[in-house]
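The chain contents come next:
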Amino acid sequence: WRLALIAFDPDGRGVGVARYEGKPGDADAEVAVVVDPGWRRTGLAAALLRMLEEAAAQAGVTRLFALHLSDNAAAGALLAAVGYGSPTVSDGITTVTRALQPVTRN
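**Looking at the pairing of strand β3 (residues 28-35)**
As defined by bridge partners, strand β2 (residues 14-21) adjoins β3 across six bridges and the pair is classed as antiparallel. Note that in β3 the partner of G16 across the bridge is V35. Joining the antiparallel neighbours β2 and β3 is a turn of six residues, in which G25 adopts a positive phi near 85 degrees. Two elements, β3 and strand β4 (residues 63-69), share three bridges in a ladder whose sense is parallel. Note on β4: the bridge partner recorded for D28 is R63.

Written out as structure tokens, the structure is:
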């Protein structure tokens, strides 16, 4: 399963994208986010990640994980700020995870 959310500026230009992808039936999914340099530090990446987490939880994902280069302090700070924790480092790659609250369906 997979989902991507795209943010557009008022002129219709794409300025950010966040996505998750996982194997069908698996409760874990990988997330990634990228934002145009002119839109960084505006809260856009965090907002996209929060919306993506809601959608993932509704789809049955219970844990998200993200990978980033260990020397990418900005990525690490963003992910920590939105609740990703439990960092592990291997060969210069940091992996962080975030548990999602299950969504009860009526």
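**Topic: the layout of surface pockets**
Empty space among the atoms becomes apparent when a probe as large as a water molecule is rolled across them. A volume near 570 Å³ is recorded for the largest pocket. Along its surface, the largest pocket is lined by 24 residues, and V33, A45, A74, A75 and L78 are the ones closest to its centre. Contributing elements (two or more residues each) for the lining of the largest pocket: β3, α1 (44-58), β4 and α2 (73-81). The element contributing the most residues to the lining of the largest pocket is β3, with six residues.

**A short note on the side chain of E53**
Summarising the element assignment, E53 is placed in helix α1. Judged by its relative accessible area of 7%, E53 is buried. Setting aside residues no more than four positions away along its own chain, E53 makes contact with L64, V82, Y84, R98 and L100.

**Notes on a nonpolar patch on the surface**
Taken together, the side chains of L67, L69 and I93 define a hydrophobic patch exposed on the protein surface, amounting to about 250 Å² of accessible area. Note that L69 resides in strand β4.

**Section: unusual backbone geometry**
At S86, a position not held by glycine, the phi torsion is positive, near 50 degrees. Position of S86 among the secondary structure elements: in strand β5 (residues 85-90). The backbone phi angle of D91 is positive, close to 55 degrees, even though this residue is not glycine. As for its position among the elements, D91 is in the loop between β5 and β6 (93-99).

About the criteria used
Residues numbered from 1 in each chain as written. Predicted model: local features only at pLDDT ≥ 70, side-chain atom pairs only at ≥ 80, totals over all residues. Heavy atoms only, no water. Pairing = 2+ DSSP bridges. Helix = DSSP H or I, 4+ residues; strand = E, 2+ residues; numbered from the N terminus. 1 Å grid on protein atoms, 1.4 Å probe; cavity = no way out; pocket = protein on both sides within 12 Å on 5 of 7 lines; lining within 4 Å. Points joined across faces, edges and corners; volume = space filled by probe spheres on them. Buried < 20%, exposed > 50% of the residue type's maximum accessible area, 1.4 Å probe, protein only. Contact = heavy atoms within 4.5 Å. Patch = residues over 30% accessible without salt bridge, like charges linked within 9 Å, V, L, I, M, F, W, Y side chains within 5 Å. Areas by Shrake-Rupley, 256 points an atom, 1.4 Å probe, with all protein chains shown as cover. Salt bridge = Lys/Arg side-chain N within 4 Å of Asp/Glu carboxyl O.

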